[in-house]
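# Coordinates in review
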Amino acid sequence: MNAVVALPSRNGGFEEGPEMSILSSAAAIADHALHKERPYWHPYAAGIGLGLVLLLAFVIVGRGLGASGAFSSLVATVVHAVAPAHAESNAFYGEYLGDGSKSPLLDWLVFEVMGVFAGGFLSGALAGRLRITVEKGPRISTPGRLMLAFLGGFIMGVGAKLARGCTSGQGLTGGALLSVGGWAFMLCVFAGAYATAYFVRRQWI
Amino acid sequence: MSAPFYKYGLFGDEISLVMAFLIGIGFGFFLERAGFGNARKLAAQFYLYDMTVFKVMFTAIVTAMIGLYYLSVLGFVDLSLVYLSPTFLLPQVIGGLILGVGFAVGGYCPGTSAVSAATGRLDGMVFLLGIVAGIFFFGEVFPAIESFYTTTPMGSVTLPQLFGVSYGLILFLVVLMALGGFLLASWAEKKFAHLRPE
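Residues numbered from 1 in each chain as written. Chains lettered and ligands numbered in written order. Predicted model: local features only at pLDDT ≥ 70, side-chain atom pairs only at ≥ 80, totals over all residues. Heavy atoms only, no water.

Along its length, chain B carries eight helices and two strands. If you list the helices and strands of chain B from N to C, you get α-α-α-β-α-α-α-β-α-α. Taken along its principal axes, the extent of the C-alpha atoms in chain B is 55 × 45 × 35 Å. Counting over 198 residues, chain B shows a buried share of 55%. In chain B, once contacts between residues fewer than 6 apart in sequence are set aside, the share between residues at least 24 apart is 63%. Of the roughly 8100 Å² of accessible surface on chain B, a fraction of 73% belongs to carbon and sulfur atoms. (Helix = DSSP H or I, 4+ residues; strand = E, 2+ residues; numbered from the N terminus. Buried < 20%, exposed > 50% of the residue type's maximum accessible area, 1.4 Å probe, protein only. Contact = heavy atoms within 4.5 Å. Areas by Shrake-Rupley, 256 points an atom, 1.4 Å probe, with all protein chains shown as cover.)

Below is the structure:
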């Protein structure tokens, strides 16, 4: 059965959306990949969608969304596989390794982030936005952009661990729960980013 | 009162992982729909000509915040069973500043880089490698910074508790702030439109 759903388009109107049934989604992906990229959703429509997903997480499992924690579980698992004694003597890795009764990868956030990959792929495919490319401004070379992407990721990994979470776990989730740390964190993220933007402007504008 | 379902034992650990995957799909889907798989769209936030990041983030916060509040007032959700990460003020302030620097330099945050990588962006994949390296670095230096990591503990505390006012008042102020922010953001987009590349 094909349920045709209406998706809000960028100009605020509605356009006929893709068939959402599982059976026809593969055909829809192939079909949409042939068409040109569709515009992103209006920010408020996408924001309400994200908010409802977050609300669902609160209601169903009693916790919010996250991202960086999944990568911490991955790092702890690899470090433990290579150097078990070293990992077990470290309180940071220990937090993710647990008591050793089960794999640290059998973790809520690890599965949630696998879903993020799948959901992002699905949305990109349905909108014709799957493309092997590098996102950058017009004034920077591709190797330069990739170097800054790695450096930015590295800095973010450190910051997210120090803050006990990233934009998802502390910003979005902590923000919606009115967490003191979440709000302090979020203001500081914007402060840090705006303070840095001038120095990396050649990468973006 | 019957929610959060997991905390009331409606399903066990294994089903919770299935739920995690499904909720993650929704999360990734809407991140991509917003344009957050694209570093140019995210970084535009910091040059003020496209404030989508702010608008999406605060719309999501307000939606979930109001929804959760009313579901708890109606007695459907026990708010005290929703996990609230404890506050460690100073490390979170410094961590936030560092993370903000990484955001402007790299163009993504962890969740958005996953979406970016999933839709074929090489810079998103490299950013993910950077995150993993950064977390490994943090793990290796952790014994040296552990005392700072646990400084200024405040427990699981909310803004209403900190200021000694009602939950509803803070909620109202956050909504007002968001609406004011949306107006300012749209104004900024016009004012700085000339910064858009191409």
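Now that the structure is up, let's keep going.
In this section: the interface of chain A and chain B. Facing the 118 residues of chain A at the interface are 123 residues of chain B. Counting each side, the surface lost to burial between chain A and chain B is near 10800 Å², with a carbon and sulfur contribution of 76%. Sorting the residues of chain A by area buried against chain B places Leu-162, Arg-164 and Leu-178 of chain A first, and these three jointly supply 7% of that buried surface. Here chain A is connected to chain B by four salt bridges. Residues Arg-129 of chain A and Glu-32 of chain B are paired through a salt bridge, measuring 2.8 Å at the closest nitrogen-oxygen approach. (Buried area = accessible area lost by both parts, 1.4 Å probe. Salt bridge = Lys/Arg side-chain N within 4 Å of Asp/Glu carboxyl O.)

Here the focus is the packing of helix α4 (residues 89–106) of chain B against helix α6 (residues 122–149) of chain B. All names here are of chain B. Taken N-terminus to C-terminus, the directions of α4 and α6 make an angle of 160°; their axes are 14 Å apart at the nearest point. In terms of orientation, α4 and α6 fall into the roughly antiparallel class. Crossing of α4 over α6 shows right-handed handedness. Contacts from Leu-90, Pro-91, Ile-94, Gly-102 and Gly-106 of α4 reach α6 at Phe-127, Phe-148 and Tyr-149. Of the residues belonging to the contact of α4 with α6, the class tally is six nonpolar, two polar and no charged. (Axes fitted to C-alpha atoms, helices over the stretch in contact; angles between N-to-C directions. Parallel < 35°, antiparallel > 145°, perpendicular 65-115°, else oblique. Left-handed = near helix turned anticlockwise from the far one by under 90°. Nonpolar A, V, L, I, M, F, W, Y, C, P; charged D, E, K, R; others polar.)

Moving on, we come to the pattern of salt bridges. Opposite charge on two side chains lets them pair, provided their charged atoms get close. Inspection of the entire model under this criterion finds seven salt bridges over all chains. Among the salt bridges present, the one from Arg-121 of chain B reaches Glu-135 of chain A, with a minimum N-O distance of 2.8 Å. Here the residue Arg-121 of chain B occupies a position in the loop between α5 (110–118) and α6, and Glu-135 of chain A occupies one in the loop between α6 (108–126) and α7 (142–162), the pair thus bridging two chains. The exposure classification of Arg-121 of chain B matches that of Glu-135 of chain A, with both residues buried. Lys-41 of chain B is the partner of Asp-50 of chain B in a salt bridge, and the nearest nitrogen-oxygen pair spans 3.0 Å. Note on accessibility: Asp-50 of chain B and Lys-41 of chain B belong to one class, buried.

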